[in-house]
Amino acid sequence: MSAGSCSESGWDSQDDRWDDWEGDEMDAPAQCLFCPQLFQSPPDLFSHARAVHGFDFLKTRSDLALDFYQSMRVVNYIRTRALDCPGFEKASGFAIDGSEPFLSDDAYLKPAIPDDSLLFALDELDLGDSDSAAAASAPANPPASEGRYPAGFERERELMARIQSLEQQLGQRDREIGSMAAQFEEYRQMVRHQFYDSADAAAEDDSAAKDGGDMYFSSYAGNEIHAQMLQDRVRTDGYRDFILGNQDLFKGKVVLDVGCGTGILSMFAAKAGAAKVIAVDNSDIIHKARANVIENGLDDVITLVRGKIEEVELPVGQVDVIISEWMGYFLLFEAMLDSVLVARDRYLAPGGLLAPSASYLYLTAMSDDDYLKHTANFWDCVYGFKMSAMKPSHTVKDVDVAEVSTDSIVASRALLTAIDHGTTEPSALDFSSPFVLRATRDADIHAFVGYFDVAFSRSQVAPGPSHDDLCLPAHDGDDSRNSATPKALWSQPDSSMGGFTTGPHGTTTHWKQAIFLLTTPISAKKDDEVRGEFTCRKSAAGSRELDMEITYLHAPAGGAAGSTVSIKYKLGV
């Protein structure tokens, strides 16, 4: 959940996370301020920072008399610099003199990395100092006896003195713990007020709502979504096979990975012999990508840059290859292709290559009574009761993203648009396209179905197959009950062109298919046509969402065409 989507209930979950931090995270390893190395204790971390990076945190803290909040700002400032500035960890001589503006900037009270156990350990540094002071002030030996007490009484006197000293230390410790607990609660409330309550207010801003940028990037910060994508063998194998199967295109080249995620494509490129790979991502996942790169010994080849490709400055003037897994549902959802085109125009050298090199949107039609029963008609009979009031009353239908069985496909496919990634412009991603679908058997058509293919080419001059090949039927005889053709599956051994499909005739992917449910089914006979126009545009409500409209009519074979129907759809979050 992004900061902009926090609610009161959302803050309650934050409370739980603070409680977890005070428990498990106290024992968690802490990351160095400058580099990804982990340490089991703060003293070891600070010794490493002093010896390797030339910064003595404890001495600086003591010399400048930094309080709890200033110490936190120092930690978060250094971590921010290390994340945002490639090469910062190799810099030496970092120092502060107490006049730096960030020491009073509350923006640096927000943790720079998730679950930073070092921040909580700052409290224990105070405890450690007071323990040392108490130990130094305690008498090493009780006063020598002047002979007024027997030996037994002298021993009792010594023990009583030690008990009193320990009681004083314990009382001081309790007071310090109480003070620090209040101080930490104050810090916690400050973070809540400044970074969550204010985020709720900021979320109401129209421009932020339309962009949806923070929420978009936050959605890619966790592990689950990346595991889902990596486990999609069609997707990941497609990129791997092209990169490692065409190593001559990467050997000695400079490669840019836009939206690198876990860094998997960057590591494929490095393994293929790239001289330098620059991996860019604006999500927190880049911290784990950096750790992945280091763990695999590829940090001498791969440089990671945090930020939007539209805003960052790369350490090179141009690149030879751009790789990116930018595709969203129905290809264009999330509008990440726009960012790839910015990278292309700004950094790709003449004659350079994009992978994938082209993409294609298709439309077909389905008939599936079981799907209809569990979606549009579900409220017609719920345990024998009608619940019509529960049916959506929207004039704009939501596009459903779900897996469609190949046996449900009852029409030919139509190519809606072909996108050459080397030449297309962002404005062309809003389009209108005529289509004709032919019924392959008698059926009630319940919905249109959209999906996409992508191509990997060795040359951007010829980014994909010919238009004729792209328009061929997906199945032998054009009947979905027959086997899919090798061309439709991108499985032609003698072809230098690679690619994959997300269509129902192929292996299921995490993209599945986009289902455009009809208001009224079309009762079609074999060879009947459905003619229409498909319009797709970025949504005015959010640039990463899609507004679509399908206008169509039923043209029976040898009969008069029916009336025109128009339905609006939305693919959003």
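Numbering of residues begins from 1 in every chain and follows the order in which that chain's sequence is written. Predicted model: local features are reported for residues with pLDDT of at least 70 only, side-chain atom pairs are reported and counted for 80 or more only, and whole-chain, interface and lining totals are derived from all residues. No hydrogens and no water enter the side-chain calculation; it runs on all heavy atoms of the structure.

## Quick look at the pairing of strand E4 (residues 276-281)
Accessibility here uses a 1.4 Å probe with only protein chains present; expressed as a share of the type maximum, an area under 20% marks a residue as buried, one over 50% as exposed, and anything in between as partly exposed. Only runs of H or I of at least four residues qualify as helices and only runs of E of at least two qualify as strands under DSSP, and these elements are numbered from the N terminus. The buried fraction of E4 amounts to five of the six residues, a majority that puts the element mostly inside the structure. Strands qualify as paired when DSSP identifies two bridges or more between them. The sheet contact formed by strand E3 (residues 254-258) and E4 spans five bridges and is parallel. Looking across to E4, one finds that Val255 is bridged to Val277. Seen with the strands pointing away from the viewer, any crossover whose path from the first strand over the helix to the second strand runs clockwise is right-handed. At this point the chain moves from E3, through helix H11 (residues 264-271), to the parallel E4, and the crossover so formed is right-handed. Pairing of E4 with strand E5 (residues 302-306) involves five bridges; the strand directions are parallel.

## A few points about the nonpolar core
The definition of a nonpolar core used throughout is a set of buried Ala, Val, Leu, Ile, Met, Phe, Trp, Tyr and Cys residues joined through side-chain atoms within 4.5 Å. The biggest cluster of nonpolar side chains holds 92 residues, and the ones touching the most others in it are Leu256, Phe435, Phe448, Phe516 and Phe534. Here, two residues are considered to be in contact whenever any of their heavy atoms come within 4.5 Å of each other. Setting aside its immediate chain neighbours within four residues, Phe516 contacts Phe330, Leu363, Val399, Ala447, Phe448, Gly450, Phe534, Met548, Ile550 and Tyr569. Core analysis: the next-biggest nonpolar cluster, separate from the first, contains 30 residues, Ala30, Phe57, Val75 and Leu119 among them.

## Re the UniProt feature "domain: C2H2-type" (unreviewed entry) in the chain
Using the residue numbers shown here, the UniProt feature "domain: C2H2-type" (unreviewed entry) corresponds to residues 32-53. Between the end C-alpha atoms of residues 32-53 there is a gap of 10 Å, over a span that is 50% helix and 9% strand. UniProt positions are given in the numbering used here, feature names are shortened, and annotations may be inferred rather than shown by experiment.

## Focus: the confidence of the model for the chain
As a note on interpretation, predicted positions should not be read in detail where pLDDT is low. Residue-level confidence of the predictor is summarised by pLDDT, bounded by 0 at the bottom and 100 at the top. Residues at a pLDDT of 70 or more form 78% of the chain, whose mean pLDDT is 83. Here residues 126-149 is a poorly scored stretch, pLDDT under 50, and it has 18 contacts once near neighbours within four places are set aside; other chains count. Low pLDDT (under 50) marks residues 196-212, which in the prediction has 24 contacts with non-local residues, meaning those over four places away or in another chain.

## Quick notes on the pattern of salt bridges
A side-chain nitrogen of Lys or Arg and a carboxyl oxygen of Asp or Glu constitute a salt bridge if their distance falls within 4 Å. Here the structure, examined in full by the defined rule, presents 21 salt bridges. One salt bridge in this structure joins Arg306 and Asp284, with 3.0 Å as the shortest N-O distance. You can see Arg306 sitting in strand E5 and its partner Asp284 sitting in the loop between E4 and helix H12 (285-295), a full 22 residues away along the chain. Judged by its relative accessible area of 22%, Arg306 is partly exposed.

## So, helix H2 (residues 42-52)
Along H2, the residues that are buried comprise Leu45, Phe46, His48 and Ala49. Taken down its axis, H2 places every buried residue within 155° of arc, on the same side. One or two steps after H2, the chain reaches Gly54, where phi turns positive at roughly 75°. Arc definition: it is the arc formed by the directions from the helix axis to the C-beta atoms.

## Looking at the environment of Val305
Tracing the chain through its elements places Val305 in strand E5. On a C-alpha basis, the gap between Val305 and Asp281 in space is 6.7 Å, while along the polypeptide they are 24 residues apart. Once you skip the residues sitting within four places of it in the chain, Val305 turns out to touch Pro86, Ile278, Ala279, Val280, Asp281, Ile286 and Val312.

## A short note on the sheet that holds E3
Across the sheet, five strands lie side by side as E5-E4-E3-E6-E7; this open sheet has parallel pairing. Two strands bound the open sheet, and with one partner strand each, they are E5 and strand E7 (348-355). Adjacent strand axes in the sheet meet at a mean angle of 20°, parallel and antiparallel pairs treated alike. The pairing of strand E6 (residues 319-323) with E7 spans four bridges and is classified as parallel. Bridging across to E7, Val319 finds its partner in Leu348. Fitting a line to C-alpha atoms yields each axis, with helices limited to the stretch in contact; the angle taken between N-to-C directions then spans 0 to 180 degrees. Against the sheet, H11 makes contact with E3, E4, E5 and E6, and its axis sits at roughly 175° relative to E4, the strand it touches most.

## A short note on the packing of aromatic side chains
Pairing of aromatic rings covers Phe, Tyr and Trp, the last counted by its six-membered ring, and requires centre-to-centre distances within 6.5 Å; plane angles under 30 degrees mean stacked, over 60 mean edge-to-face, and any other angle means tilted. In this structure the tally under the stated criterion is 27 aromatic pairs. For the ring pair Tyr77 and Tyr108, a centre distance of 5.4 Å and an interplane angle of 75° mean the geometry is edge-to-face. Here Tyr77, found in helix H4 (residues 68-84), pairs with Tyr108, found in the loop between H4 and helix H5 (117-137); they are 31 residues apart in sequence, far enough to count as distant. The interplanar angle of 20° and the centroid separation of 6.5 Å between the aromatic rings of Tyr360 and Trp490 together place this pair among those described as stacked. Placement of Tyr360 in strand E8 (residues 358-366) and of Trp490 in the loop between helix H15 (467-470) and strand E14 (498-501) is noted, with a sequence separation of 130 residues between them. Its relative accessible area of 12% is what places Trp490 among the buried residues. One aromatic cluster in this structure is built from Phe34, Phe46, Phe55, Phe57, Tyr77, Phe94, Phe102 and Tyr108.

## Remarks on a nonpolar patch on the surface
Among the surface-exposed residues, Tyr383, Phe385, Met387 and Met390 lie close enough to one another that they form a single nonpolar patch of about 530 Å² accessible area. Here Tyr383 is to be found in the loop between helix H14 (369-374) and strand E9 (396-398). Patches here are clusters of residues that have more than 30% relative accessible area and form no salt bridge, with a 9 Å joining cutoff for like charges and a 5 Å cutoff for nonpolar side chains (Val, Leu, Ile, Met, Phe, Trp, Tyr). Exposure was quantified through the Shrake-Rupley algorithm and a 1.4 Å probe, taking into account, for residues, occlusion by the shown protein chains and nothing else.

## What about the side chain of Arg290?
Mapped onto the fold, Arg290 is located in helix H12. Residues contacting Arg290, with those up to four places away along its chain left out, are Pro36, Leu83 and Leu304.

## Side note on helix H10 (residues 233-245)
Along H10, the residues that are buried comprise Val234, Arg235, Thr236, Asp237, Gly238, Tyr239, Phe242 and Ile243. Any pair of N or O atoms that falls within 3.5 Å is considered a polar contact. Within protein, one atom must be able to donate a hydrogen and the other to accept it, and sequence-neighbouring residues count only if both atoms are side-chain atoms. Between a side-chain oxygen at the N-terminus of H10 and the backbone nitrogen of Val234 the separation is 3.2 Å; the capping residue is Asp232.

## Quick word on the side chain of Thr485
Checked against the element boundaries, Thr485 lands in the loop between H15 and E14. Non-local contacts of Thr485, meaning those with residues more than four positions away in its chain, are made with Pro473, Ala474, His475 and Asp476.

## Some remarks on the environment of Ser412
Structurally, Ser412 is set in the loop between strand E10 (400-402) and strand E11 (414-420). Judged by relative accessible area, which is 9%, Ser412 ranks as buried. For the pair Ser412 and Asp527, spaced 115 residues apart in sequence, the C-alpha separation works out to 9.7 Å.

## Description of the packing of H10 against H11
For any two helices packed against each other, the geometry comes down to the angle between their axes and how far apart the axes lie. Running from N to C, H10 and H11 cross one another at 20°; their axes reach a closest spacing of 9 Å. The angle between the axes of H10 and H11 places the two elements in the roughly parallel class. Of the two possible hands of crossing, H10 and H11 adopt the one that is right-handed. Along its contact with H10, which presents Thr236, Tyr239, Arg240, Ile243 and Leu244, the element H11 presents Leu265, Phe268, Ala269 and Lys271. We call two directions roughly parallel when the angle between them is under 35 degrees, roughly antiparallel when it is over 145, roughly perpendicular when it lies between 65 and 115, and oblique otherwise. By convention, the crossing between two helices is left-handed when the near helix turns anticlockwise from the far helix through less than a right angle, and right-handed when the turn is clockwise.

## Side note on unusual backbone geometry
Going from Ala355 to Pro356, the amide bond is cis rather than trans, its omega being 5°. Positive phi, close to 50°, is recorded for Asp115, a residue that is not glycine. By the element assignment, Asp115 lies in the loop between H4 and H5. Since its relative accessible area comes to 55%, Asp115 is described here as exposed.

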